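# Reading the structure
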Amino acid sequence: MAGSTSADHGRARGRASRFDAAFNAHYLKVLAFAIRRTESRVEAEDVAAETFAVAWRRRDAIPDPPMPWLNAVALRVIANHRRSSRRRAHRDQRFASESVPHSRDPAEIVESRDEIAAALASLTEQQREALRLVAWEGLDHRTAASVVGCSPATFRVRLHRARRALGKHLRLSGHSADEPPVVPTPCRAAEETK
């Protein structure tokens, strides 16, 4: 490489070592973050790999501490995956409707869900993400706000509305405010990050 100096090589090594440090310290945390937001372990691994591919390409931009930034990147990767899935599903549905029509079995239509899953499903994605960042990731309001790209005050409002909507749905399904909280079982990847 013509014109490169030892200083250029030193900067390149410094950027690479910053990426290596972020990858070694936070890969399992990003994977656990993705597992809690995706349908399968394979999809979560893809999200973690894409997150660190972005981190490699933008290694000069990796902040200190890197986790909120990595979580924000992972959320964008997950959103891209969901958009792709919706496009695929829409395309598949369009193709299926053009083929021989058939009636669906009612058992396929009705899915059994417990009340908490139904309550969470009734929330907007923004509300679910606010709850997940605080309850599952254990982030404080300021850090969670930086992950989703809003101010801490805006995040507090989102979280308050999410909790209120979740509580309302649970009360409608027969739960009371004095019931002991349900503590979710942590997934294996989340335990590995501790």
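Predicted model only: the values in this text are computed from it and were never measured.

Calculation criteria
Residue positions are given per chain, counted from 1 along the sequence in the order it is written. Confidence filtering applies because this is a predicted model: local features only for residues at pLDDT of at least 70, side-chain atom pairs given and counted only at 80 or more, and all residues used for totals across whole chains, interfaces and linings. The side-chain values count all of the structure's non-hydrogen atoms but skip hydrogen atoms and water molecules. Helix and strand definitions here come from DSSP, where helices need a minimum of 4 consecutive H or I residues and strands a minimum of 2 consecutive E residues; each element is numbered from the N-terminal end. Relative accessibility thresholds used throughout: buried, under 20% of the residue-type maximum; exposed, over 50%; partly exposed, between the two (1.4 Å probe, protein chains only). We call two residues in contact whenever any of their non-hydrogen atoms come within 4.5 Å of each other. Each accessible area is a Shrake-Rupley estimate made with a 1.4 Å probe; only the visible protein chains count as cover when residues are assessed. A fitted line through C-alpha atoms serves as each axis, taken over the contacting stretch for helices, and the angle formed by two N-to-C directions is quoted from 0 to 180°. In this scheme, roughly parallel covers angles under 35 degrees and roughly antiparallel covers those over 145, while 65 to 115 is roughly perpendicular and the rest are oblique. Just so you know the grouping, Ala, Val, Leu, Ile, Met, Phe, Trp, Tyr, Cys and Pro go in nonpolar, Asp, Glu, Lys and Arg go in charged, and all remaining residues, Gly too, go in polar. Patch building starts from residues that exceed 30% relative accessible area and form no salt bridge, then joins like charges within 9 Å and nonpolar side chains (Val, Leu, Ile, Met, Phe, Trp, Tyr) within 5 Å. Here, a salt bridge means any side-chain nitrogen of Lys or Arg that lies within 4 Å of a carboxyl oxygen of Asp or Glu. Charge convention: Lys and Arg are scored as positive, Asp and Glu as negative, and His as well as the terminal groups of each chain are ignored. For this purpose, a charge sits on NZ of Lys, CZ of Arg, CG of Asp or CD of Glu. We call a set of buried residues a nonpolar core when its members are Ala, Val, Leu, Ile, Met, Phe, Trp, Tyr or Cys and they connect through side-chain atoms within 4.5 Å of each other. Expected span of a helix: the number of residues minus one, times 1.5 Å. Here, the arc refers to the directions that run from the helix axis to the C-beta atoms. As used in this structure description, the phrase polar contact means that two N or O atoms lie within 3.5 Å; if the pair is within protein, one of them must be able to donate a hydrogen and the other to accept it, and residues adjacent in sequence are counted only when both atoms belong to side chains.

### Observations regarding the overall build of the protein
On a plain count of helices and strands, the protein comes out with nine helices and zero strands. Counting from the amino terminus, the protein carries its helices and strands in the arrangement α-α-α-α-α-α-α-α-α. For the protein, the residues scored as buried account for 28% of the 194 residues in total. Residue pairs in contact within the protein that sit at least 24 positions apart in sequence constitute 67% of those at least 6 positions apart. Accessible area for the protein stands at about 12,900 Å²; split by element, carbon and sulfur atoms hold 55% of it.

### Considerations on the packing of helix H7 (residues 141–148) against helix H8 (residues 152–172)
Here H7 crosses H8 at 95°, and the two axes come no closer than 8 Å. By the criterion of interaxial angle, the relationship of H7 to H8 is roughly perpendicular. Across the interface between the two elements, His141, Arg142, Ala144, Ala145 and Val148 from H7 touch Pro152, Phe155, Arg156, Arg158 and Leu159 from H8. Class assignment of the residues belonging to the contact of H7 with H8 gives a composition of six nonpolar, one polar and three charged.

### Things to note about a positive patch on the surface
A surface patch of like charges, here positive, comprises Arg83, Arg86, Arg87 and Arg88. By the element assignment, Arg83 lies in helix H3 (residues 67–98).

### Description of the nonpolar core
In this structure, Val30, Ala55, Leu70, Leu133 and Phe155 are the most contacted members of the largest nonpolar core, which totals 38 residues. Mapped onto this core, the elements with two or more residues apiece are helix H1 (6–35), helix H2 (41–57), H3, helix H6 (125–135), H7 and H8. Top element by residues in this core is H3. It accounts for eight residues. Contacts of Leu70, omitting those with residues within four sequence positions, involve His26, Val30, Thr51, Phe52 and Ala55.

### Some thoughts on the environment of Arg156
Residue position: Arg156 is located in helix H8. Residue classification places Arg156 among the partly exposed positions, given a relative accessible area of 41%.

### Quick look at H8
Here H8 is 21 residues long and its end C-alpha atoms lie 30 Å apart, about the 30 Å a rise of 1.5 Å per residue gives. Listed as buried for H8 are Phe155, Leu159, Ala162, Leu166, Gly167 and Leu170. In an axial view of H8, the angular spread of the buried residues amounts to 130°, which keeps them on one side of the axis. Across from the buried face of H8, at angles greater than 90 degrees, the exposed residues are Arg164, Lys168, Arg171 and Leu172. On its buried face, H8 sits against helix H5 (115–122), H6 and H7.

### Describing the packing of H6 against H8
Between H6 and H8, whose axes approach to 8 Å, the crossing angle comes to 100°. Between H6 and H8, the crossing angle belongs to the class labelled roughly perpendicular. Of H8, the residues touching H6 (which contributes Gln126, Gln127, Ala130, Leu131, Leu133 and Val134) are Phe155, Arg158, Leu159, Arg161, Ala162, Arg163, Ala165 and Leu166. Taken together, the residues that form the contact of H6 with H8 break down as nine nonpolar, two polar and three charged.

### Digging into the side chain of Gln127
By the element assignment, Gln127 lies in helix H6. In this structure Gln127 comes out as buried when scored by relative accessible area, which is 18%. Polar side-chain contacts of Gln127 include one of 3.0 Å to the backbone nitrogen of Thr124. Once you skip the residues sitting within four places of it in the chain, Gln127 turns out to touch Arg161, Ala162 and Ala165.

### Overview of H2
Residues spaced three or four apart along an α-helix face the same direction, because each turn holds 3.6 residues. With 17 residues, H2 ought to run about 24 Å at 1.5 Å a step, and its terminal C-alpha atoms sit 24 Å apart, in line with that. Inspection of H2 places Ala44, Val47, Ala48, Thr51, Phe52, Val54 and Ala55 among the buried residues, and these make up the whole buried set. Each buried residue of H2 sits inside an arc of 150° when the element is viewed along its axis, so together they form one side. More than 90 degrees from the buried face of H2, the exposed residues found are Val42 and Arg57.

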